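The lines below spell out each chain.
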Amino acid sequence: MAKPPTSTSPGTHKLLGLELLRFLATISVLLWHYPHFAYVADAPVGLVRGELPFYDVLFPFYELGEYGVVIFWCISGFIFFWKYGALIPNGTVDGWRFFVNRLSRLYPLHLATLLLVAGLQAAYVAQHGYAFVYQSNDLGHFVAQLFMASDWLPPTGVSFNGPIWSVSIEVLVYAAFFLGLRFVTTSPLLNLALILAGIASGTLVGKCFVFFYAGGLAAMARQSVVDAWYRPMLEALAAGAVVGIPLLLWLSGADLAERAAALLLIYTPVLLFVCTTQLTLPRRVEDLLQTAGNMTYSCYLLHFPIQLAIALAFASWRHPIPYDSHMFWIGFMGLTLSAAYLTYDWFEAPAQRLIRRALLRKKEAGRIAPAPLPHH
């Protein structure tokens with residue numbers, strides 16, 4: 001079994017390269033969804049993608065930003081195997097602690113944004129007679145959303161705070177991750193088997209398994225070479241691949257959109273290996289990267305409610321949304337990032353601490369002192 005990180009490996013809570021990559025993946029999803037401002041019901045009207053703000057610079061995000069989701073899944077797999085790969089099999093982290101950690105991290109903001117979007121959509125429907133972008137906002141979908149189970153079965157329509165679909169799927173993978181490590185095996189062969197099964201399934205759930213467990217393989221590879229004499233050479237080769245592969249693809253003129261998922265399955269684990277290279281950074285830079293990573297979940301779940309609120313406001317003013325304006329773009333991105341920053345500090349982190357203290361103290365009643373809580 002892969003050994004846990006030693007003192008010479010990246011800090012358990014300071015995978016700063018991954019924090020930056022998570023933030024960039026979030027930005028890619030935001031830009032992929034930016035054209036929502038051109039939507040009438042569930043389709044864009046009059047949208048010219050080449051005229052979107054800063055398109056000449058940001059076109060990869062506008063055109064391929066949806067793949068930020070699979071990068072999220074891969075990063076999650078890396079972090080989970082990195083942090084829990086030894087703690088779950090040996091019983092240090094049991095099922096209850098793992099469940100509470102996940103619940104406290106994901107559910108408070110999900111519930112808050114679900115209720116917010118439900119209220120805003122009701123107002124939008126009253127104005128227009130149809131919902132903004134996501135149309136399946138009935139009671140059945142609301143109940144499924146309450147249990148974070150909206151996308152466990154074949155799609156029946158994206159609903160309420162639509163971006164939560166990827167988190168809903170990931171919840172299933174979390175359960176498989178814990179059960180597999182605790183009761184089956186810690187061998188990377190399990191990862192390979194689940195990757196192949198996910199590919200064969202051809203489903204969104206299967207795709208999440210594929211990228212999550214590919215990220216897990218990257219974590220195992222990183223841990224296996226922590227003290228190896230050849231680690232610097234391997235890191236240099238991986239860094240060369242991270243730079244060289246996109247360059248070769250660009251020079252070849254390959255259609256990346258058609259092969260993006262397959263390419264990312266190969267490329268992203270190598271990128272994660274490089275992103276966890278030991279670096280010495282100024283404290284301010286470390287703090288900035290940590291802050292960027294902390295903002296990713298709130299940014300991901302807040303950007304659609306913010307778009308919906310903006311759409312409501314402009315409809316009330318009887319003015320079209322100037323989404324092709326550079327100043328509007330800057331305002332939207334600034335508002336979303338500011339809201340994400342404040343939401344993490346004022347809501348996410350306090351709610352997480354409150355839930356963990358309440359639920360884990362009950363479990364650990366009778367002990368002299370509760371064990372420290374994992375941050376992730």
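## Observations concerning the environment of E348
Relative to the helices and strands, E348 resides in helix α13 (residues 326-363). With near-sequence residues (within four places) excluded, E348 lies in contact with R105, L109, N294, Y297, S298 and T343.

## Thoughts on the pattern of salt bridges
Side chains that differ in sign of charge can pair as their charged atoms come close. In total, this model carries 6 salt bridges according to the counting rule given. The closest approach of N and O atoms between R283 and D287, which form a salt bridge, is 3.2 Å. A residue pair is termed a helical-turn pair when its members lie 3 or 4 positions apart in one helix, as R283 and D287 do in helix α11 (residues 283-294) at 4 residues. Because the salt bridges share partners, they merge into one network encompassing R222, R231 and E235.

## Looking at the state of the cysteines
Counted according to the given criterion, the structure contains 0 disulfides. In this model C275 remains outside any disulfide bridge; the closest cysteine sulfur is found in C74, 11 Å from its own. C299 takes part in no disulfide bond, and the closest cysteine sulfur, belonging to C275, lies 19 Å away.

## Quick look at the packing of aromatic side chains
Scanning the model with the defined rule gives 35 aromatic pairs in all. For the ring pair F80 and F177, a centre distance of 5.5 Å and an interplane angle of 80° mean the geometry is edge-to-face. Here the residue F80 occupies a position in helix α3 (residues 68-84), and F177 occupies one in helix α6 (residues 165-183), the gap between them amounting to 97 residues. You'll find F80 and F177 in the same group, each marked buried.

## Digging into unusual backbone geometry
A negative phi angle is the norm for most residues apart from glycine, just as the trans form is the norm for most peptide bonds. Phi angles above zero are rare outside glycine, and M148 is one such case at about 55°. Relative to the helices and strands, M148 is located in the loop between α5 (139-146) and α6. Among the residues examined, M148 registers a relative accessible area of 8% and is labelled buried. In this structure, F160 takes a positive phi of about 45° despite not being glycine. Take F160: its relative accessible area is 5%, and that puts it in the buried class.

Conventions used here
Residues numbered from 1 in each chain as written. Predicted model: local features only at pLDDT ≥ 70, side-chain atom pairs only at ≥ 80, totals over all residues. Heavy atoms only, no water. Helix = DSSP H or I, 4+ residues; strand = E, 2+ residues; numbered from the N terminus. Contact = heavy atoms within 4.5 Å. Salt bridge = Lys/Arg side-chain N within 4 Å of Asp/Glu carboxyl O. Disulfide = S-S within 2.5 Å. Phe/Tyr/Trp six-rings, centres within 6.5 Å; stacked < 30°, edge-to-face > 60°. Buried < 20%, exposed > 50% of the residue type's maximum accessible area, 1.4 Å probe, protein only.

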